[in-house]
Amino acid sequence: MSELTSRLLQRSLGSPDYDGIRQALRNDTSAPVIELRGLEVRVAVLPLFTHDGRQAVRVSSTRPLTHVLVGVDSATGSDVTLLVPEVSAPRAFTLESRDDEGLVGSARITVTPQRKWSVFVVHHSHLDIGYTDPQGTVLRHHLDYLDAAVRLAAETASWPDDAKFRWTVESSMPALKWLAARPAEQVEAFAQAAREGIIEVTALPFQLHTEACSTEELYRQLRFTTELQDRYGFATRSAMHTDVPGAVVGLVDALNAAGVRYLAAAHNWAGRSVPYLHGGDKLTRPFRWRAPSGNELLVWFTDTPHGMAYMEGNTVGLTDSYELADDLLPRYLAALATRGYPYGPGTFGWQGPDAPREPYELDVLHMRVQGAHADNAGPSIVPAAIARTWNERWAWPRLRSAVNSDFFEHVEERYHDRLAVHEGDWTDWWADGLGSGARPLGYVRRAQSALRAAETLHTLAGADATGSIDEAYDKVALFNEHTWGAANPWEDAEEAGDSGGLQWTRKSSGAYDAQDDAADLLHAAVRRFGAALAEEGDLPEGTPASFAVFNPATRARTDLVRAFLPRDVVAADVPIALVDARTGETLAHHEEYVHPDDWPTRPIGRHIHAVVPDVPGNGYARIDVVRSESQAAEPVEPDLGGVIENEFYRVTYDVREGYIGSIFDKVAGRELVNRDAAAGFGQYVYDRYATAPHFNHLSGHVGAHDRTLLGDRAIGRNATIVKAQRTAVTERLVVELQGKGVDWLRTTIELHRGVPRLDLTYQLAKQGTPAKEAVFLAFPFAAGPATSWELTGGVGGREVPQVPGSAAYMLPIRHWIAFDDPELTVAWATLEAPLVQLGTIHMPYAPFPPTLEEEDGTVYSWALNNIWDTNFPAQQQGETTFRYAVMSQAGADGRRLGALAASGLTEPFAGVLVTGPSGDAARSYASVDHPDVLVTSIGQAGAERVVRLQSLAAEPVEVTLTVPGLRSARVSAGLERGREPAEVAGESVKVRLPACGVAAVWGTCA
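Procedures and definitions
Residues numbered from 1 in each chain as written. Predicted model: local features only at pLDDT ≥ 70, side-chain atom pairs only at ≥ 80, totals over all residues. Heavy atoms only, no water. Phe/Tyr/Trp six-rings, centres within 6.5 Å; stacked < 30°, edge-to-face > 60°. Helix = DSSP H or I, 4+ residues; strand = E, 2+ residues; numbered from the N terminus. Buried < 20%, exposed > 50% of the residue type's maximum accessible area, 1.4 Å probe, protein only. Contact = heavy atoms within 4.5 Å. Axes fitted to C-alpha atoms, helices over the stretch in contact; angles between N-to-C directions. Parallel < 35°, antiparallel > 145°, perpendicular 65-115°, else oblique. Left-handed = near helix turned anticlockwise from the far one by under 90°. Nonpolar A, V, L, I, M, F, W, Y, C, P; charged D, E, K, R; others polar. Pairing = 2+ DSSP bridges. Arc of directions from axis to C-beta. Expected span 1.5 Å × (residues − 1).

A. Geometry of the packing of aromatic side chains. Summed over all chains, the structure comprises 39 aromatic pairs. Taken together, a centroid distance of 5.8 Å and an interplanar angle of 75° make the contact between Phe120 and Phe407 edge-to-face. Of this pair, Phe120 sits in strand β7 (residues 118-123) while Phe407 is found in helix α12 (residues 404-415), placing the two residues 287 residues apart along the sequence. This pair shows no difference in class: Phe120 is buried, exactly as Phe407 is.

Dropping the structure here:
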């Protein structure tokens, strides 16, 4: 391609180009003072000071001239720097511009006092595990970069301290791999450089979509920090959060628990985000980010309204040459001192309005730089060499080649008490991308739940599965890493940014591996636990087997258990009954026989469904299998007329409209559905957008200020009830519909006898298409606005603070939303789909206008989409499942009811088969006496048992934890570190948890 054609395309397509950005900076930081006959002379007063006490005035002209500050300094050229004595107040000078024929023009200019800046140049590589190349290639390159970093550190060891090459490992995963793969002498050189502050390994293993993480997962991903300290002798002092525009409030507590107090965030808006329209202009930098617990991070936030934040140093020339940096960096600093953003709207090719903001008030700057103008760029000696030359010539600004924490220590010492404090969740603007991989994301979210139960059951069986559990969590987290695809994800090359097919194959397979590992661990844990119970006692006479129905949730509850009774334990033709060993009462149950003629490839026996009352939290109730005189009742399929009910709810399905017409709370005597809402309850809504696929970053160039780009909206139609079934424990409706975007759509509605919860399952066969689309499921409640919702490591809500500039049009939640009402509290929970929009459906393009009138009580579950044009998969297809639950209760606390509703999805009962002598009729292994505190899991640590706690309360609480057999205990404020001895009284220990905080109790048990 010719140079002319290249320029033509670059200028036509409006993509970010550094020449345009830099010229905009020059223009925006200078003023024309002479204009005549096509000649323009511009002047910029800059924060540049020489060692002998002079300051700089930069003069540029459209042709070379001799520029004279009369009586002070002169120079010839088209871009010159003139020096004047440092001023402490504005001072006027005369500028004369001359050519060979004499005076061309003159002007009065004013030189103003300038700040004396300290610029901390933090050299790192932004880790995209993928995007620019397949994942394995990228990781190998990052290990090569660490080889280079060690060599460059040695090469510059004799340089002035401010100019020595320093390297910040943005994401620790490559460092951990490197330390495990290099010879001992190289490892020691790296460790020595880290101990000396030449290299810094930061805390996050990779850049995470933190809202996709479970709380335990987030903490476990920081466990390596202890190893680095103990094995290599250097501490992990800071973290970096790059590219991803937002982070969960739980990150504050998790980093604090790992001993990290500093966070450098650089959020790439990529034109898809408008934080400056939602308070982001009030987000000062640096600032103190405070969690409800009271824990804080000192945060530096590198931002521009239109992207490129973590390329800030590259933009001003710090990776190119001294000459370019000398031109641009002072202009950048001058711009920061006079207005909030150095660049104007549209500079980077993204859509979006100008973003007013107060000027930056400090004289110290954290400036990231990468070795090249790209993600996954390697280290370069150029930034350090520029700092060396710069500091020889200029006294101010002072450039320091720094590691990340150097900047924070400087700021903390000088400015800590004057920094603004911001609280709450920093809601991510890119979280909508999670909907682009709905099926693997659903598998990962199931794995997160299964791993907690698997670890608990292994521990109670006396088996230490910590290593396997950690490895499975690592796989889960690697899927939650922020790179979900190639730069051009629709392509299928073997390398570089077009390797979309290869990258997504590996990325999604990691999710399926994680789910398989979690399922394997839970499968093994159930068998181990059953074997351990079989050693504890004798089976009652005439009892061929028992089930220990284990409840992994914190509170005792009545719920459905699904268990499998193999044919070789009890023959299929032998009638059985289930007897509650606590009371001797027979429990109704339903059987589904797996016949070898139908399923020769699966275990033969009976799937048993039963509702078990009041199973203790973190414990079990034993249900004995006894011979019966008659077989269990067969299910019946009456004509229910689209209505199912149990003791708590009556649910009516409107076949003509294709949604649930009524959910009537029989106890409260109240309708839960807003029948006047725009969408029906559980209605399938399919949106298509009038934007084109397969254009890199198109969604950042597109603005949507109304509904013009909503090309089509369709709903599920032609509903048919294909099954209406009543069993001994469940009433069920199965409805099939037709809809755009799917081959078929199936809705299953279930009520279980004795269980105050409605269960909903949506299965759809998604058609693959690159056309821009989104699927919503609507849930309009007859309620006021949502009052609280679960976040990773915290609870959000209408009255809960958020970091200014957080995403406003959508929420990435963990599992539940609650609607508090003086008369009736309602809770809605989701398992696989974390994205929601409250009250309306918004356009998926900035500034995200609504497409419907606001409705207070409506939740739109944003089940899937493909609106991204880079980094996320361009289309998705295949059978995908989404599960939801609804509960209501008069006078309930919303947070508690939300957690209870979610437990039916995330903490299902486990039916543990016991074929030998069995144990107690019921047992609890851990309990707490505060209704807002959850026991999230029970683990093993050597000879100790560890019980992990999480609080939902908005204020600090003290809880008594009781663990049978507890002899000694230590308590940690996080989940892993800082254990302090605690007094044990009668198998109990008191634990104080901060607001929405976590803690762990480490103890020895009899």
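B. Main features of the side chain of Asp147. Along the polypeptide, Asp147 turns up in helix α3 (residues 135-155). Note on Asp147: relative accessible area 14%, which makes it buried. What Asp147 contacts, discounting residues up to four positions off in sequence, is Trp178, Arg182 and Gln186.

C. Fine view of the packing of helix α4 (residues 172-181) against helix α7 (residues 224-232). The interhelical angle for the contact between α4 and α7, taken along N-to-C directions, is 40°, at an axis separation of 12 Å. One element, α4, and the other, α7, form an angle in the oblique class. Of the two possible hands of crossing, α4 and α7 adopt the one that is left-handed. Residues Ser172, Leu176 and Leu179 of α4 lie in contact with α7, whose contacting residues are Phe224, Leu228 and Tyr232. Per-class residue counts for the contact of α4 with α7 are 5 nonpolar, 1 polar and no charged.

D. Examining the pairing of strand β39 (residues 816-819) more closely. Side chains Trp816 and Ala818 project from β39 onto one buried face, and the interleaved Ile817 and Phe819 project onto a second face that is buried too. The pairing of strand β36 (residues 788-791) with β39 spans 2 bridges and is antiparallel. Each bridged residue has a counterpart across the sheet, and for Ser788 the counterpart in β39 is Ala818. Both β39 and strand β40 (residues 825-830) contribute to a ladder of 4 bridges, which runs antiparallel. Within β40, the residue paired with Ile817 across the bridge is Trp828.

E. Representation of α7. The set of residues buried in α7 consists of Phe224, Thr225, Leu228 and Tyr232. The arc that holds every buried residue of α7, seen down its axis, measures 110°, which confines them to one face. Note on α7: the residue one or two positions beyond its end, Gly233, has a positive phi of about 80°.

F. Representation of helix α5 (residues 184-195) within the structure. Under the 1.5 Å per step criterion, the end-to-end length of α5 is 16 Å for 12 residues, consistent within 8% with the ideal 16 Å. For α5, every residue scored as buried is listed here: Val187, Phe190, Ala191, Ala193 and Ala194. Projected down its long axis, α5 shows its buried positions confined to an angular sector of 160°, all on one face. Every exposed residue of α5 that faces more than 90 degrees away from the buried side is listed here: Ala184 and Glu185. Those residues of α5 hidden inside the fold are in contact with α3, β8 (167-169), α4, β9 (199-201) and α7. Where α5 ends, the next residue or the one after it, Gly197, has phi of about 80°, a positive value.

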